[in-house]
Amino acid sequence: NGNGLQERLRNGDLAMLLSTTNPDIVTFNEVKRLLPNLAHWDSIRKGLAALGFNHIACSWCNHDSQNKFSWGVLIMSKFKLENVTYGITGGNDDEGRCVRATVPALGADFIDVYVPTTKTMDSPTKAERDEYRRVFDDDMTTLASKAKAQMRPFFIVGDLNIAPYEQDCNLPPTMQRTFPSTTPS
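Computed from a predicted structure; not experimentally measured. (Residues numbered from 1 in each chain as written. Predicted model: local features only at pLDDT ≥ 70, side-chain atom pairs only at ≥ 80, totals over all residues. Heavy atoms only, no water.)

**Q** Would you explain the pattern of salt bridges in this entry?
**A** Opposite charge on two side chains lets them pair, provided their charged atoms get close. Enumeration over the complete set of coordinates arrives at three salt bridges. Among the salt bridges present, the one from E82 reaches K80, with a minimum N-O distance of 3.7 Å. Judged by its relative accessible area of 51%, K80 falls in the exposed class. The salt bridge partner of R152 is D109, with a shortest N-O separation of 2.9 Å. Placement of the pair is R152 in the loop between α4 (126-149) and β7 (154-159) and D109 in strand β6 (residues 108-114), with a sequence separation of 43 residues. Using a relative accessible area of 34% as the deciding quantity, one classes R152 as partly exposed. By relative accessible area, D109 is classed as buried at 10%. (Salt bridge = Lys/Arg side-chain N within 4 Å of Asp/Glu carboxyl O. Buried < 20%, exposed > 50% of the residue type's maximum accessible area, 1.4 Å probe, protein only. Helix = DSSP H or I, 4+ residues; strand = E, 2+ residues; numbered from the N terminus.)

This is how it looks when you write it as structure tokens:
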């Protein structure tokens, strides 16, 4: 979870993480701003390239809302990214919650997703957001089934907003069964 990628870049945490772990692919959720809007983006881009990350795909929230700076997903790769698509169904992803790419060098697909959370009972948007989450989950199931049918490796990564155990959830146990993120299947 990038949770403010700008700060991770500014304080050097990201560069340290990338140089010490030497990953081939890194994904982030909650990027919180368009990459070209990051301070010193040109220098950042050159630094990432020096670490081998020449391929970047980012999906971003493109509608006005109070939560505009809470979304955005990003794939950074040392290998070429192909067939980059945005959104679960390949359509408009106005909340910037999914970016997909094929990495031919690895013979695999990567699906970086930031699954929406549900709202608490007193939220004025609870019913709307719960329905959005249910549709999102159904679309993710369809996407995973299609990826599996292609008979090649695929990875679903990101913030799945799942709390499968009572102690993982900040909701009281009596409320947990009413939220998609806490309802056991």
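**Q** I would appreciate a short explanation of the nonpolar core in the present structure.
**A** Most often, soluble globular proteins have nonpolar side chains that are buried together. In terms of nonpolar packing, the biggest core is built from 14 residues, with L5, L18, F28, L35, L74 and M76 touching the most fellow members. Element by element, the count of residues in this core is highest for helix α3 (residues 41-50), at three residues. Each residue touching L74, except ones within four places of it in the same chain, is listed here: L5, V26, T27, F28, V31, L35, I56, A57, C58, V99 and D112. Core analysis: the next-biggest nonpolar cluster, separate from the first, contains twelve residues, W71, V73, V99 and A101 among them. (Core = buried A, V, L, I, M, F, W, Y, C linked by side-chain atoms within 4.5 Å. Contact = heavy atoms within 4.5 Å.)

**Q** How do you make sense of unusual backbone geometry when you look at a structure like this?
**A** Negative phi characterises most residues that are not glycine, and trans characterises most peptide bonds. Although it is not a glycine, N22 sits at a positive phi angle of roughly 50 degrees. Phi at M151 takes a positive value of approximately 60 degrees, unusual for a residue other than glycine. Locating M151 in the fold gives a position in the loop between α4 and β7. Looking at M151, the relative accessible area reads 75%, which means it is exposed.

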